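A structural walkthrough
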2 protein chains.
Amino acid sequence: MAKEKSDNTEIEILNAAKEIFQQKGMDGARMQEIADKAKINKALLHYYYRSKQLLFEAVFKSAFALLAPQLNKVLNDDSDLFDKIRKFTDSYISFVIKHPYLPNFVIQELNKNPEFIQKLRLQENFPSITTFKLQVSDAIEKKIIIPIQAEQLFINIMSLNVFPFIAEPLLTALINVDKKKYNEIIQNRKIDVANFIINAIKI
Amino acid sequence: MAKEKSDNTEIEILNAAKEIFQQKGMDGARMQEIADKAKINKALLHYYYRSKQLLFEAVFKSAFALLAPQLNKVLNDDSDLFDKIRKFTDSYISFVIKHPYLPNFVIQELNKNPEFIQKLRLQENFPSITTFKLQVSDAIEKKIIIPIQAEQLFINIMSLNVFPFIAEPLLTALINVDKKKYNEIIQNRKIDVANFIINAIKI
DNA sequence: ATATTTGTTAACCGAATGGTTAAACCATAT
DNA sequence: ATATGGTTTAACCATTCGGTTAACAAATAT
């Protein structure tokens, strides 16, 4: 069987497509450019993925499959609430350094195509907030944290961790630092953000 | 002079272009679609703005000109620090409701074109963090707030206010609410976010 | 009244783009 | 060795897209 060769090609294509789509988005990406990056003929893209749309969806699902476990660190990890916040904040930054374009890509394409999320919802492993809500209620009852809606807390955690990467070009300009200094600031956030959140909610 | 008529057309074009560009981005927008929305012939777009790129830049600058005063509410308003945080948080939500696609548009296009920010920097009215830094230092000295880098605080304020709009499709799915419920949550944030921030930094 | 400038349009153009086709290639089974 | 099946390519196709042209319309100046 020629399985090995074809498997490789299929993966090469997906990797090339990931890079191009995540950097340029669905509209900005060119099939030819993906083919070039994968070092194959453009017709092969269609042989394996039929259309730009289907190739894009494969990339998108694959991207979300990487992101979901990260989100589950906040939502479904069973450690203590404060620990969880610290762990997530710390690990998310490492994650984004590995996949710099990924979160922005997911958010951006979801904005252009909001109904797309329905397809993801059906997948197993789609993050659910249920456990997190119980945990927050519990911490409020036990007077560990002030009363706060779990949804609001979750949004805050996400905002503080994700936004600085998405808005990097704007923020570097506004706070008037170069990319190097901005990265230092981001590094500091590994600890600072968790403390900021915990400070805001602890009694 | 045919000034009135031409003025109208030029503004019609810009408004149509704003809508299309902000919803679909530079790559997704079509000149024909902009012409249709402005109810004019496609050649007129080029008559007034010469190229798609220049039309886009006009839209982008105009969008940023709307956003800048909002940012200056945090950075250069001379009210008390806590007041400022409350005022910004409250007013930013109203702003985004009026211009739902704007912040995302600016951030997104800056990501695809980071050098673009240089052009904006030269414009007067470009927000500067200098005053805000002094204010934060002052508040720390006076033991009103805990020690925190002004840059970090600014990033936090921006994150908590801007991100929930940018990531709306993702967040509604993750916290499992419909659009109506999500808007209620956003409305609550007008007060909640300011309190969250102040709680996190006050002594 | 008429010439001149400004605004507007229909028709057109060339390049780029997503997608297709038909032939070649190549590993394996017979 | 050769037939078979999947794999890969060069060439091609139809359409879309940004942009141009040339002619027409309308306003203004003389």
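Residues numbered from 1 in each chain as written. Chains lettered and ligands numbered in written order. Predicted model: local features only at pLDDT ≥ 70, side-chain atom pairs only at ≥ 80, totals over all residues. Heavy atoms only, no water.

A few words on the overall build of chain A. Secondary structure summary: chain A contains eleven helices and zero strands in total. Secondary structure of chain A in N-to-C order comes out as α-α-α-α-α-α-α-α-α-α-α. Once the C-alpha set of chain A is aligned to its principal axes, its extents read approximately 60 × 40 × 30 Å. Buried positions account for 52% of the 203 residues belonging to chain A. Taking as baseline every contact in chain A between residues at least 6 positions apart, the subset at least 24 positions apart corresponds to 67%. Looking at chain A as shown, the accessible area adds up to about 9800 Å², and 53% of this sits on carbon and sulfur atoms. For chain A, the distance from the average position of its 28 positive side-chain charges to the average position of its 24 negative side-chain charges is 2 Å. (Helix = DSSP H or I, 4+ residues; strand = E, 2+ residues; numbered from the N terminus. Buried < 20%, exposed > 50% of the residue type's maximum accessible area, 1.4 Å probe, protein only. Contact = heavy atoms within 4.5 Å. Areas by Shrake-Rupley, 256 points an atom, 1.4 Å probe, with all protein chains shown as cover. Lys, Arg positive; Asp, Glu negative; His and termini not counted. Charge placed at Lys NZ, Arg CZ, Asp CG, Glu CD.)

Looking now at the interface of chain B and chain A. On the side of chain A, 53 residues touch chain B, which itself brings 53 residues to the contact. Counting the contacts that link chain B with chain A gives zero salt bridges. For the pair chain B and chain A, the interface holds 14 residue pairs in polar contact (both at pLDDT 80 or more). When residues of the side of chain B that touches chain A are traced back to their parent elements, those giving at least two are helix H1 (3-28), helix H4 (52-75), helix H6 (102-112), helix H7 (116-122), helix H9 (150-166), helix H10 (168-174) and helix H11 (179-201) of chain B. Take the side of chain B that touches chain A: its biggest share by element is 13 residues, from H9 of chain B. For the side of chain B that touches chain A, the per-class residue count stands at 32 nonpolar, 13 polar and eight charged. (Salt bridge = Lys/Arg side-chain N within 4 Å of Asp/Glu carboxyl O. Polar contact = N/O pair within 3.5 Å; in protein donor to acceptor, adjacent residues only side chain to side chain. Nonpolar A, V, L, I, M, F, W, Y, C, P; charged D, E, K, R; others polar.)

Okay, unusual backbone geometry next. Residues and elements named next belong to chain A. One non-glycine residue, Lys-39, adopts positive backbone phi at about 55°. Examined against the element boundaries, Lys-39 turns out to sit in the loop between helix H2 (31-38) and helix H3 (42-49). Of the residues examined, Lys-39 reaches a relative accessible area of 77% and is grouped as exposed.

So, on to the relation of the copies chain B and chain A. Here chain B sits on chain A after a turn of 180° about the axis and a move of 0.0 Å along it, with an RMSD of 0.0 Å. Such a turn and shift between the copies fits a two-fold axis. Identified as the residue of chain B closest to the rotation axis by C-alpha distance is Ala-200 of chain B, at 1.9 Å. Most of the interface of chain B is mirrored in chain A, where 100% of its interface residues are also at the interface. (Least-squares fit on C-alpha atoms with pLDDT ≥ 70 in both.)

Sequence positions flagged by UniProt for "domain: HTH tetR-type" (unreviewed entry) are, in local numbering, residues 7-67 of chain A. With 89% helix and 0% strand, residues 7-67 of chain A has its two end C-alpha atoms placed 24 Å apart. (UniProt positions renumbered as here; feature names shortened; annotations may be inferred.)

Side chains that differ in charge, positive against negative, can pair when their charged atoms come close. All names here are of chain B. The full count for this structure, using the stated rule, is 17 salt bridges over all chains. The salt bridge partner of Lys-24 is Glu-33, with a shortest N-O separation of 3.0 Å. On the basis of relative accessibility, which here comes to 32%, the residue Lys-24 falls in the partly exposed class. You can call Glu-33 partly exposed: its relative accessible area is 27%. Close ionic contact of Lys-112 with Asp-27 constitutes a salt bridge, the shortest N to O distance being 4.0 Å. Of this pair, Lys-112 sits in helix H6 while Asp-27 sits in helix H1, placing them 85 residues apart in sequence. On the basis of relative accessibility, which here comes to 30%, the residue Lys-112 falls in the partly exposed class. According to the relative accessible area criterion, Asp-27 is partly exposed, its value standing at 28%.

All names here are of chain B. Its location among the elements puts Ser-79 in the loop between H4 and helix H5 (81-98). Its relative accessible area of 15% is what places Ser-79 among the buried residues. Here the side chain of Ser-79 touches Asp-77 through a polar contact of 2.8 Å, side chain to side chain. When neighbours within four sequence positions are excluded, Ser-79 is seen to be in contact with Lys-84, Lys-87 and Gln-135.

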